[in-house]
Amino acid sequence: MSRYDRWNAILELLAQEGRLSVEEAAQALDVSTATIRRDFDQLAQQQMLMRTRGGAVAQSVSYDLPLRYKTARHADEKHRIANAAAQLVTPGAVVGLNGGTTTSELARTLATMSTLESGFTIVTNALNIAAELTVRQHVKIVVTGGVARQQSYELIGPLATGVLEQVTLDVAFLGVDALDVEVGASAHHEGEASVNNLLISRAAQVVVVADSSKIGKRAFSRICPVGQIDTLVTDAQLSDALAGELTDAGVKVVRA
């Protein structure tokens, strides 16, 4: 297990338990206590957890991890979701993408599809997506303005408004922190929610891409009500009950 895989596993355990001793982490990950102590110290330096005597406790930032620490979560599901969502894009389309691990996986999938080799456009506020796809000659990249947020690599703030008000999107793919029938789509950070709302307001079709762990949950700041969402692409683990609630609310549910 690599260091980053261990860090992901440690942060996942902390998110579940709230508190973790060195011995518990060492046993769960089958590594030495010395290794865990070093991992705890390094994660504490990055403010990913808080060190305690003999262990560590979670802090709020652990629930909103930088993108590089979240890539291992539900990786298989995100790959299937990306493949299913990519089928909604036609050659020449103008596609909106916000930040997040699922939309990043979708961007990679779109960039390598043979059916889109004739070209398409991506409008995004995610720096990592823009940087990764800039080398693809058949993909036109339009990046919003804004201030970069380290946790998600998204550009947020009023500077994004100028660009988004001037574009029209065929489809916007929205990565979310939570999706609930009553609240709608939501994000942990109000700055992301605001820009994401503007992004989808420019789209003819709005598609939420999210694994089932986020469905039926609520986050701090609402992006949009469920009535503004046309389609949800999620994984096969979504319960029939939640799928039924969303379908009744007018959302087409695709379980990949």
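It should be noted that the structure appears before, not after, this text.
Anyway, here's the lowdown on the structure attached to this text.

**What about the side chain of glutamate 77?**
Stage number 1. Here glutamate 77 shows up in helix 5 (residues 75-86).
Stage number 2. Despite its burial, glutamate 77 pairs with no opposite charge, the nearest such side chain being arginine 80 at 4.7 Å.
Stage number 3. Excluding anything up to four places from it in sequence, glutamate 77 contacts Asp211 and Asp235.

**Considerations on the packing of helix 5 against helix 6 (residues 101-111)**
Stage number 1. Two numbers describe how helix 5 lies on helix 6: the axes approach to 8 Å, and their chain directions differ by 55°. Taken together, the axes of helix 5 and helix 6 are oblique relative to one another. For the crossing formed where helix 5 meets helix 6, the hand is right-handed. On helix 6, the residues touching Lys78, His79, Ile81, Ala82, Asn83, Ala85 and Ala86 of helix 5 are Thr101, Thr102, Glu105, Leu106, Thr109 and Leu110.

**Points about the side chain of threonine 102**
Stage number 1. For threonine 102, the location among the structural elements is in helix 6.
Stage number 2. Note on threonine 102: relative accessible area 4%, which makes it buried.
Stage number 3. Side-chain polar atoms of threonine 102 contact the side chain of lysine 78, separated by 3.4 Å.
Stage number 4. In this structure threonine 102 touches Lys78, Ile81 and Val209, once residues within four positions along its chain are discounted.

**Description of unusual backbone geometry**
Stage number 1. The backbone phi angle of aspartate 30 is positive, close to 60°, even though this residue is not glycine.
Stage number 2. Positive phi outside glycine occurs at tyrosine 153, with the angle close to 65°.
Stage number 3. Within the secondary structure, tyrosine 153 is located in the loop between strand 7 (147-149) and strand 8 (154-156).

**Some points on helix 5**
Along an α-helix, residues three or four apart share an orientation, since each turn contains 3.6 residues.
Stage number 1. Helix length check: helix 5, at 12 residues, gives a terminal C-alpha distance of 16 Å against a target of 16 Å (1.5 Å per residue), a fit within 8%.
Stage number 2. The set of residues buried in helix 5 consists of Glu77, Lys78, Ile81, Ala82, Ala85 and Ala86. Down the axis of helix 5, the buried set is contained in an arc of 160°. They therefore lie on one face.
Stage number 3. Considering only its buried residues, helix 5 is in contact with helix 6, strand 9 (171-175), strand 12 (206-209) and strand 14 (231-234).

**Some remarks on the pairing of strand 4 (residues 94-97)**
Stage number 1. Where strand 4 meets strand 5 (residues 120-124), four bridges bridge the pair, whose relative direction is parallel. What sits directly across from valine 94, in strand 5, is threonine 121.
Stage number 2. Following the backbone out of strand 4, through helix 6 and into the adjacent parallel strand 5, one traces a crossover that is right-handed.
Stage number 3. Pairing analysis gives three bridges linking strand 4 to strand 9, with the strands arranged parallel. Paired with valine 95 across the two strands is valine 171, which belongs to strand 9.

**Here's the deal with the environment of alanine 243**
Stage number 1. Within the secondary structure layout, alanine 243 lies in helix 10 (residues 240-248).
Stage number 2. Spatially, the C-alpha atoms of alanine 243 and leucine 110 are 26 Å apart, while their sequence positions differ by 133 residues.
Stage number 3. Those residues in contact with alanine 243, other than ones at most four positions away along the chain, are Leu238, Val253 and Arg255.

**As for the environment of alanine 26**
Stage number 1. Inspection of the secondary structure assignment puts alanine 26 in helix 2 (residues 22-29).
Stage number 2. Classification of alanine 26 by relative accessible area gives buried; the value is 7%.
Stage number 3. Placed 115 residues apart in sequence, alanine 26 and isoleucine 141 show a C-alpha to C-alpha distance of 44 Å.
Stage number 4. Sequence-distant contacts of alanine 26, defined by excluding residues within four places in its chain, comprise Val31, Ser32, Thr33 and Ile36.

**Things to note about the packing of helix 1 (residues 3-17) against helix 3 (residues 33-45)**
Stage number 1. Running from N to C, helix 1 and helix 3 cross one another at 75°; their axes reach a closest spacing of 11 Å. Classified by the angle between their axes, helix 1 and helix 3 sit roughly perpendicular to one another. Where helix 1 approaches helix 3, its residues Arg3, Arg6, Trp7, Ile10 and Leu11 are matched on the opposing element by Thr35, Ile36, Asp39, Phe40, Gln42 and Leu43.
Stage number 2. Per-class residue counts for the contact of helix 1 with helix 3 are six nonpolar, two polar and three charged.

Rules and cut-offs
- Residues numbered from 1 in each chain as written.
- Predicted model: local features only at pLDDT ≥ 70, side-chain atom pairs only at ≥ 80, totals over all residues.
- Heavy atoms only, no water.
- Helix = DSSP H or I, 4+ residues; strand = E, 2+ residues; numbered from the N terminus.
- Buried < 20%, exposed > 50% of the residue type's maximum accessible area, 1.4 Å probe, protein only.
- Lys, Arg positive; Asp, Glu negative; His and termini not counted.
- Salt bridge = Lys/Arg side-chain N within 4 Å of Asp/Glu carboxyl O.
- Contact = heavy atoms within 4.5 Å.
- Axes fitted to C-alpha atoms, helices over the stretch in contact; angles between N-to-C directions.
- Parallel < 35°, antiparallel > 145°, perpendicular 65-115°, else oblique.
- Left-handed = near helix turned anticlockwise from the far one by under 90°.
- Polar contact = N/O pair within 3.5 Å; in protein donor to acceptor, adjacent residues only side chain to side chain.
- Expected span 1.5 Å × (residues − 1).
- Arc of directions from axis to C-beta.
- Pairing = 2+ DSSP bridges.
- Right-handed = clockwise from strand over helix to strand, strands pointing away.
- Nonpolar A, V, L, I, M, F, W, Y, C, P; charged D, E, K, R; others polar.

Read these as spatial facts, not as claims about activity.
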